[in-house]
Amino acid sequence: MQKKSTEVLVIGGGVTGCGVLFDLAQRGFKATLLERGALSMGTSGRFHGLLHSGGRYAVNDPDAAHECIVENQILRKVMPHCIEDTGGMFVSTPDDPPEFADEFYQACHKVSIPATEISIEEMLRREPLLNPKIRRVFTVPDASVETWDACRSLVVSAAEHGAETLEFHEVTELLKEGNKVVGAVAINKVTGETVTITADLIVSAVGAWGGRLAAMADCDVTVHAGKGTMIAMNYRMVNTVVNRCVHPSGSDGDIIVPIGTVAVIGTTSVRVDDPDNYPIEEWEVKLMMEEGEKMVPSFRKFRALRAWAGVRPLYQEKGAASDLRAVTRKYALLDHSPRDGVDNFVTITGGKWTTYRMMAEDTVDLVCKKLDTTRACRTAETTLHNPHGESKYHTLGSRLQKLETGEFDGQLICECEIVTRNQIEANLATNDRHIINDLRRDLRVGMGPCQGGFCTYRVAGLMHKNKQLTTQQTNKALVDFLQERWKGMNTVLWGQHLRQMQLDEGIYMGVLGLDKLPPGLSGIDEKRVAEVETEGYYEVS
Amino acid sequence: MTTSHDLDEITLSIWEQVQHSADLCVKCNICTSFCPVANVTDMFPGPKFVGPQAQRFRNPHEISVDDSLDYCSGCGVCSMVCPHGVKVMEMNAKARYKLYKTKKWIPLRNRILGRSELLGWLGSPFAPIANVTLKLKPLRILIEGIMGVHRDAPMPAFSWETFRGWYQTVHKKSPQRVISDKKVVFYHACSVNYYEAFIGKAAIAVLEHNGYEVIVPKDQVCCGLPMLSNAEFDAARQNARTNINSLVRYARAGHKIVGTSSSCTLSLKSDYRHILDMDDADARLVSQQTYDICEFLLELAQAGELKTDFQPINASIPYHSPCQLRAHNMGLPAIELMELIPGIQIKHIQADCCGIAGTYGYKKEKHDISMAVGKSLFEQVKATESDVAICDSETCRWQIEHATGTKMIHPVQLLAQAYGLT
Ligand SMILES: Cc1cc2nc3c(=O)[nH]c(=O)nc-3n(C[C@H](O)[C@H](O)[C@H](O)COP(=O)(O)OP(=O)(O)OC[C@H]3O[C@@H](n4cnc5c(N)ncnc54)[C@H](O)[C@@H]3O)c2cc1C
Ligand code: SF4
Ligand code: SF4
């Protein structure tokens with residue numbers, strides 16, 4: 001068993017955990033982060049991609065709205081390379097209450113959100129596919145944000161200050177001495193090894209899993225999981241974030257976010273029991289297609305690429321003990337010492353992606369207080385390291401431009417998303433895992449219209465060659481990735497995408513005979529084979 | 001799940017704009033394997049890439065970044081072969097417009113090549129002088145240096161008199177002119193007007209022989225395709241509007257509009273609507289009523305209304321079906337029609353493109369690509385050892401004649417000959 005020690009241990013590698021890690025490191029703490037999967041694999045990687053202007057909350061939650069606009073302006077400065085400055089619109093369609101528009105406009109101005117009304121003609125000039133029957137339109141500084149780039153930049157910048165990040169390390173136990181938490185035991189999911197890490201203070205930033213983790217320290221924390229389903233449309237029918245001008249409570253599927261090469265519509269909102277298991281239901285898909293048509297009448301004519309869901313961490317205050325909450329905001333920062341009589345342990349949960357930095361600042365302020373030191377937060381002034389180049393807004397055309405100018409060179413491997421052989425080979429050299437999904441998160445491999453149809457076998461070939469994998473390992477990497485891709489397509493298979501799926505199936509089943517691999521060569525165990533037979537696909541861990 | 005609510009016409013027509021067809025691509029690569037340009041040069045990443053793939057990276061609010069797009073010749077083979085209805089060539093034309101707009105600069109050479117009508121109008125009165133001087137090598141080298149028009153690119157010969165001049169002053173007054181209830185409108189385009197009046201005359205002879213009165217509207221102008229393919233959409237739209245306004249009157253009266261130039265009739269049929277986004281009722285009506293001349297004549301033949309008093313021509317003649325003609329999606333009417341002539345054998349050359357693609361092969365940097373594209377076609381034509389070969393499209397004829405030395409004619413010239421009209 002491996003043993004390590006650190007000053008502050010952060011558990012959870014979503015945007016909150018990564019933000020806390022960077023803030024800690026920048027304030028001079030020795031910090032380590034443990035994440036059970038890859039960075040941003042939890043809710044942060046399954047969100048809607050919207051850097052809120054706050055407009056959505058202006059009417060019913062002015063505090064949250066104000067936080068959003070403040071953080072929106074800060075993040076534009078500190079991580080421009082993760083942000084596409086799409087701008088946003090709030091549109092009042094014939095299905096929306098007309099009186100809400102004025103209320104919305106006034107509420108925005110009360111919290112300093114620069115909402116501006118534009119004419120319908122101007123709206124159609126900017127976004128010709130929007131519903132011409134829309135009655136009023138307001139522009140706001142919404143944007144879309146790339147979570148993987150952001151989390152990666154945060155930990156890379158943290159590493160520059162000496163912080164360590166361990167991905168694929170799942171915490172299974174919190175170590176206690178008396179009423180103090182003194183460390184954690186984690187399992188390395190790639191090697192199966194156990195690691196024990198001792199620390200002066202532990203921050204739980206595991207989002208919807210917060211209750212489970214707190215229970216490991218005998219603290220009673222209730223975090224409900226609120227499932228939200230989204231659908232990525234293959235084509236950006238709008239290049240501006242489009243929100244319905246409605247009360248956010250009780251409205252589903254009312255935002256379209258253009259992000260990367262797709263436009264994502266979302267979300268639903270359903271409470272689920274298990275944050276690890278929440279199927280997408282047919283009514284959700286149907287509802288979103290219907291709601292999409294209210295904003296873009298031809299919405300359904302475009303191809304739905306895949307559907308996925310994430311779980312919102314919804315913190316529920318502990319009845320009588322609610323006054324023990326350190327901070328009373330939309331997110332919960334819990335100091336378990338006064339709350340539960342458990343020392344050296346802090347939980348941060350809830351909130352929004354947009355406000356992660358502020359949450360991290362509050363958390364690290366609390367850490368400072370508990371460790372009896374004062375160190376100023378500088379994350380609002382520090383531009384993050386961009387591993388891929390300069391600090392400027394991301395643009396949709398940038399990958400095309402890099403290919404055109406030769407900055408991306410080598411053969412094109414993933415054609416849809418423009419990923420070259422050199423990029424893939426450089427990435428493969430950075431870790432010892434054999435997971436094509438890593439390349440998807442880092443480089444966007446397999447995320448385009450063919451959903452891995454034409455690149456998965458090429459990438460598997462490169463892995464086989466560059467990592468000297470066995471045939472079994474290569475086949476397993478290939479099959480796992482296809483399963484993951486195909487699972488996401490299952491709920492949206494109609495029209496053109498069904499044709500795509502049949503072509504992909506023809507490539508892998510018909511030409512490559514993947515379904516006829518002898519069990520010994522496929523690298524897939526029997527349990528999974530059985531799952532495929534009953535479910536049509538298996539869960540990829 | 002798949003059914004859409006009814007969309008009104010405007011919404012539907014915006015959705016139908018060609019750039020959105022990128023959404024339909026399943027990445028099968030069929031277009032790339034057919035693209036004549038991608039097959040001969042690495043400078044061009046091919047239709048799938050510059051078309052539907054790059055389209056997903058194009059934000060109308062951002063500037064254009066992909067210069068390699070400019071290597072697309074606009075031949076249209078990709079749009080024709082795509083089994084999923086992706087309008088690749090049309091998408092490329094629109095993206096090129098944006099590219100040139102981003103650069104805020106269209107080379108003077110492109111502006112001039114785009115104005116075939118102006119060139120013709122300037123050249124015709126000086127035909128003998130212009131024709132000789134344009135054959136002088138030193139002058140062509142000079143033109144290449146200054147304007148980027150390749151020194152070896154084929155230059156058509158200007159006609160002494162314009163076709164329209166002949167129609168107005170000679171034909172209209174001729175006692176032999178057919179006047180009838182059966183009327184057809186002739187869209188002559190620039191090449192017939194300024195360079196190849198004889199093809200227009202042959203067309204009129206064949207139509208009149210079949211009992212049609214031929215109307216040549218005075219207010220027709222260049223179809224605008226050369227401007228369109230040189231990314232001058234505003235100018236092209238002006239020409240398109242003039243033509244639509246001129247022709248729609250006849251279309252409303254139920255007359256059909258025929259032309260001998262397959263790329264110009266394709267503009268009327270499709271490009272105005274799909275590339276220039278002029279998809280209104282008038283444009284649709286003109287589009288519906290427009291016919292390639294062989295398409296029109298073959299329909300007559302199929303209805304038993306075409307005269308078949310052909311004299312035999314005992315020859316085997318090679319025929320190249322230009323890409324622009326195939327993009328009409330009407331099969332190959334010229335072959336079926338010419339095969340009605342007794343004794344004739346039409347040898348259909350198996351090649352996709354001659355390489356010229358309108359004004360593409362005239363450009364200095366693209367001339368070599370253009371010749372490489374046409375190589376197989378040229379070799380096949382030469383191998384037939386025939387003195388003449390047939391092709392429907394003018395720039396293709398000039399290119400093939402220039403590359404092979406074989407005399408090139410339009411199918412309607414052969415028909416006129418078989419009818420004994422020449
Ligand atoms: C459908 C949906 C749409 C949303 N859209 C937006 C939006 O558009 N804009 C916005 O600002 N916000 C949005 N949100 C909210 C936002 O996504 C979340 O608030 C935010 O991502 C939470 O980040 P986090 O780091 O706290 O949690 P997570 O990202 O869930 O991170 C927690 C991490 O902890 C890890 N973990 C769990 N247990 C363990 C363990 N035992 N050991 C080690 N690691 C563990 C998990 O794997 C996970 O990676 C959305 C949320 C949902 C559900
Ligand atoms: S129009 Fe012709 S040259 Fe251009 S991409 Fe299509 S096939 Fe290739
Ligand atoms: S454009 Fe058409 S032919 Fe070309 S790859 Fe896409 S679907 Fe295939």
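Residues numbered from 1 in each chain as written. Chains lettered and ligands numbered in written order. Predicted model: local features only at pLDDT ≥ 70, side-chain atom pairs only at ≥ 80, totals over all residues. Heavy atoms only, no water.

Student: I would appreciate a short explanation of the environment of B:Pro411 in the present structure.
Tutor: Within the secondary structure, B:Pro411 sits in helix α22 (residues 411-418). Here the alpha-carbon distance between B:Pro411 and B:Ala202, two residues 209 residues apart in the chain, equals 9.8 Å. (Helix = DSSP H or I, 4+ residues; strand = E, 2+ residues; numbered from the N terminus.)

Student: Teacher, can you tell me more about the domain arrangement of chain B here?
Tutor: One widely used convention gives an interface's size as the accessible area the parts lose upon coming together. Residue and element names in this part refer to chain B. Taken domain by domain, chain B consists of domain 1 (4-103) and domain 2 (308-418). Computed over C-alpha atoms only, the centres of domain 1 and domain 2 are separated by 28 Å. For the pair domain 1 and domain 2, the two sides together bury roughly 1200 Å², of which 68% comes from carbon and sulfur. On the domain 1 side of the contact with domain 2, Tyr71, Cys75 and Met80 bury the most area, a combined 38% of that side's loss. Applying the counting criterion to the domain 1 and domain 2 interface returns one salt bridge. Between domain 1 and domain 2 we count three residue pairs in polar contact (both at pLDDT 80 or more) in total. Looking at the side of domain 1 that touches domain 2 residue by residue, the class counts come to nine nonpolar, three polar and one charged. (Domains from an automatic or database assignment. Buried area = accessible area lost by both parts, 1.4 Å probe. Salt bridge = Lys/Arg side-chain N within 4 Å of Asp/Glu carboxyl O. Polar contact = N/O pair within 3.5 Å; in protein donor to acceptor, adjacent residues only side chain to side chain. Nonpolar A, V, L, I, M, F, W, Y, C, P; charged D, E, K, R; others polar.)

Student: Would you mind showing me how to read the site of ligand 3 here?
Tutor: All names here are of chain B. Taken together, 14 residues form the shell around ligand 3, and within it Cys25, Cys28, Asn29, Cys31 and Cys82 come nearest. If you list the elements that add at least two residues to the shell around ligand 3, you get α2 (30-34) and α3 (47-55). Grouping the amino acids of the shell around ligand 3 by side-chain chemistry returns ten nonpolar, two polar and two charged. (Near = heavy atom within 4 Å.)

Student: Sorry, what's going on with the interface of chain A and chain B here?
Tutor: With 47 residues of chain A at the interface, the matching set in chain B holds 37 residues. For the pair chain A and chain B, the two sides together bury roughly 3700 Å², of which 61% comes from carbon and sulfur. Summed over the three residues of chain A that lose the most area to chain B, namely A:Tyr235, A:Lys301 and A:Leu400, the buried surface amounts to 19% of that side. Between A:Glu415 and B:Lys48 there is a salt bridge, with the nearest N and O atoms lying 3.0 Å from each other. The interface formed by chain A and chain B holds 16 residue pairs in polar contact (both at pLDDT 80 or more) in total. At the level of secondary structure, the elements contributing two or more residues to the side of chain A that touches chain B comprise α7 (282-295), α10 (398-405) and α15 (495-511) of chain A. Classifying every residue of the side of chain A that touches chain B gives 19 nonpolar, twelve polar and 16 charged. (Contact = heavy atoms within 4.5 Å.)

Student: Whenever I open this one, the nonpolar core confuses me. Can you help?
Tutor: Most often, soluble globular proteins have nonpolar side chains that are buried together. Ranked by size, the top nonpolar core spans 95 residues in total, and within it A:Met123, A:Ile231, A:Met237 and A:Val296 carry the most contacts. If you tally residues by element for this core, the top one is helix α14 (residues 233-252) of chain B, at nine residues. Sequence-distant contacts of A:Met237, that is, excluding residues within four places in its chain, are made with A:Glu127, A:Leu129, A:Ala263, A:Val296, A:Phe299 and A:Phe302. (Core = buried A, V, L, I, M, F, W, Y, C linked by side-chain atoms within 4.5 Å. Buried < 20%, exposed > 50% of the residue type's maximum accessible area, 1.4 Å probe, protein only.)

Student: Teacher, can you tell me more about the domain arrangement of chain A here?
Tutor: All names here are of chain A. In terms of domain boundaries, chain A breaks down into domain 1 (82-142 + 224-315) and domain 2 (398-539). Between domain 1 and domain 2, the C-alpha centre-to-centre distance is 30 Å. Listed per partner, the contact involves twelve residues of domain 1 and 16 residues of domain 2. Summed over both sides, the interface between domain 1 and domain 2 buries roughly 1100 Å², with carbon and sulfur atoms accounting for 51% of that surface. On the domain 1 side of the interface with domain 2, the three residues burying the most area are Arg303, Leu305 and Arg306, jointly 52% of the side's total. The interface formed by domain 1 and domain 2 includes one salt bridge. Linking Arg306 and Glu484 is a salt bridge whose minimum nitrogen-to-oxygen distance equals 3.7 Å. Inspection of the region where domain 1 meets domain 2 yields nine residue pairs in polar contact (both at pLDDT 80 or more). Here the side of domain 1 that touches domain 2 takes four residues from strand β18 (residues 304-316), the largest share from any one element.

Student: Could you clarify how one ought to interpret the site of ligand 1 in this entry?
Tutor: Residue and element names in this part refer to chain A. Near ligand 1 you find 35 residues, and of these Thr16, Glu35, Ser44, Leu50 and Thr354 are the closest. With respect to ligand 1, the backbone of Val15 contributes an N or O atom lying 3.2 Å from an oxygen atom. In this structure, Arg36 approaches ligand 1 through a side-chain N or O atom, which is 3.1 Å from an oxygen atom. Burial of ligand 1 by the surrounding chains reaches 97%, relative to a free accessible area of 1000 Å². (Areas by Shrake-Rupley, 256 points an atom, 1.4 Å probe, with all protein chains shown as cover.)

Student: Which parts of the structure should I look at to understand the sheet that holds strand β8 (residues 143-145) of chain A?
Tutor: All names here are of chain A. Ordered by their spatial adjacency, three strands build an open sheet running β3-β8-β4, and the pairing between neighbours is antiparallel. Of all the strands in the sheet, the pair left with one neighbour each is β3 (50-51) and β4 (83-84). Pairing between β4 and β8: two bridges, direction antiparallel. Counted as the bridge partner of Glu84 is Ser144 from β8. (Pairing = 2+ DSSP bridges.)

Student: Hey, could you run me through the pattern of salt bridges in this one?
Tutor: Opposite charge on two side chains makes pairing possible when the charged atoms of those side chains draw close. Here the structure, examined in full by the defined rule, presents 56 salt bridges over all chains. A salt bridge links A:Glu484 to A:Arg440; the shortest N-O distance between them is 3.7 Å. Placement of A:Glu484 in helix α14 (residues 471-489) and of A:Arg440 in helix α12 (residues 436-443) is noted, with a sequence separation of 44 residues between them. Summarising the burial analysis for this pair, A:Glu484 and A:Arg440 share the class buried. Close ionic contact of B:Arg252 with B:Asp282 constitutes a salt bridge, the shortest N to O distance being 3.3 Å. Placement of the pair is B:Arg252 in helix α14 and B:Asp282 in helix α16 (residues 281-289), with a sequence separation of 30 residues. Exposure remark for B:Arg252: the relative accessible area of 53% places this residue in the exposed category.

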